[in-house]
Amino acid sequence: PGLKGKYEHATCIYVNDEAVHGIPSATRALRQGDLVKIDFGIVGDSYFTDHCVTVGVGKTTYKDQQLLTVGREAVLNGVKQAVTGNTTGDIGHAIESTARKAKFDTIKHYIGHGIGHQLHEEPEVPAAGRAGSGTVLKEGQVICVEAQVVAGKTAITIDDDGWTVRTKDRKQVVMFEYMVIVRDQEPEILTDTRDWPLIK
């Protein structure tokens, strides 16, 4: 089941220029070269999890392979900043600067978040920002570090279904999200898919 009163599915699945909140379909067929985002969570013992990966279907373009690689690298560079005493701005700065160095960008409207007994808790964890700004991270906090990394502009639009968000210029987008525990020396990744292949 999904979130009561909000979203009825257990998983969001979205493709290509769809950036977030895509509704799964029993009739939509995936095609060679599609970029597929799988965003899901589990609720157990009153605790929430949250995670997202993007994979390319079969043969993808060189640019899409770059986007996949940089998108994951950007979020993982953000994850590295999730240590005690750093700030949420340090995370956002690492994500955005990695994306922009490769001539990509990050959508600013959607952000990472704390997580625990609720899916979205404090602090807000942006995918852009100034190093040293934002909330100071504390040992043992559990946060989700995420970003939608785009090949084009960051403007978005929402489909008539009221859920599916896509890039306004219809350019490709990837999303990655890792759930981590803030630690003194090195963050502990709870949803570790760093070794998953980017192309299936």
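Since this is a predicted model, take the numbers as computed values, not measurements.

Quick notes on helix 1 (residues 62–80)
- Its 19 residues place the ends of helix 1 27 Å apart at the C-alpha level, agreeing with the 27 Å of an ideal helix rising 1.5 Å per residue.
- Listed in full, the buried residues belonging to helix 1 are Asp 64, Leu 67, Leu 68, Val 70, Gly 71, Arg 72, Ala 74, Val 75, Leu 76, Asn 77, Gly 78 and Val 79.
- Looking at the buried residues of helix 1, the elements they touch are strand 3 (35–40), strand 6 (51–56), helix 2 (88–101), strand 10 (142–150), strand 13 (173–181) and strand 14 (188–189).

Details of the pairing of strand 6
- Along strand 6, six of the six residues are buried, which leaves the element largely enclosed by surrounding structure.
- The two faces of strand 6 match: His 51, Val 53 and Val 55 on one face and Cys 52, Thr 54 and Gly 56 on the other face are all buried.
- Two strands pair when backbone bridges link them, and strand 3 and strand 6 are joined in this way by six bridges, in the antiparallel orientation. Residue pairing across strands places Val 36 opposite Val 55, the latter belonging to strand 6.

What to know about the nonpolar core
- Among the nonpolar cores identified, the biggest contains 28 residues, and Ile 91, Ile 143, Val 145, Tyr 178 and Val 180 are the most heavily contacted of them.
- Those elements giving two or more residues to this core turn out to be helix 1, helix 2, strand 10 and strand 13.
- Per element, the largest residue contribution to this core is seven residues, and it comes from helix 1.
- Every residue in contact with Val 145, bar those within four places of it in the chain, is listed here: Val 75, Gly 78, Val 79, Ile 91, Ile 95, Phe 176, Glu 177, Tyr 178 and Val 180.

Structural notes on the environment of Arg 28
- By the element assignment, Arg 28 lies in the loop between strand 2 (18–20) and strand 3.
- With relative accessibility at 44%, the residue Arg 28 sits in the partly exposed group.
- Setting aside its immediate chain neighbours within four residues, Arg 28 contacts Val 15 and Glu 18.
- Within the local environment of Arg 28, its side chain forms a polar contact with the side chain of Glu 18, the two groups lying 3.1 Å apart.

Looking at helix 2
- Counted at 1.5 Å a residue, the expected span for helix 2 with its 14 residues is 20 Å, and the 20 Å between its end C-alpha atoms agrees.
- Within helix 2, 10 of the 14 residues are buried, leaving the element largely enclosed by the surrounding structure.
- When we look at burial in helix 2, the residues that qualify are Thr 88, Gly 89, Asp 90, Ile 91, Gly 92, Ala 94, Ile 95, Glu 96, Thr 98 and Ala 99.
- Packing partners of the buried residues in helix 2 comprise helix 1, strand 7 (105–106), strand 9 (121–125) and strand 10.

Some points on the sheet that holds strand 12 (residues 165–167)
- Ordered in space as 2-12-11, the three strands form an open sheet in which the pairing is antiparallel. On the outer flanks of this sheet lie strand 2 and strand 11 (156–158), each paired with one strand and no other. Here the average twist between neighbouring strands, direction ignored, is 40°.
- Note: strand 11 against strand 12, three bridges, orientation antiparallel. What sits directly across from Ile 156, in strand 12, is Thr 167.

Conventions we followed
Residues numbered from 1 in each chain as written. Predicted model: local features only at pLDDT ≥ 70, side-chain atom pairs only at ≥ 80, totals over all residues. Heavy atoms only, no water. Helix = DSSP H or I, 4+ residues; strand = E, 2+ residues; numbered from the N terminus. Expected span 1.5 Å × (residues − 1). Buried < 20%, exposed > 50% of the residue type's maximum accessible area, 1.4 Å probe, protein only. Contact = heavy atoms within 4.5 Å. Pairing = 2+ DSSP bridges. Core = buried A, V, L, I, M, F, W, Y, C linked by side-chain atoms within 4.5 Å. Polar contact = N/O pair within 3.5 Å; in protein donor to acceptor, adjacent residues only side chain to side chain. Axes fitted to C-alpha atoms, helices over the stretch in contact; angles between N-to-C directions.

By themselves, these are just geometric observations and shouldn't be taken as functional.
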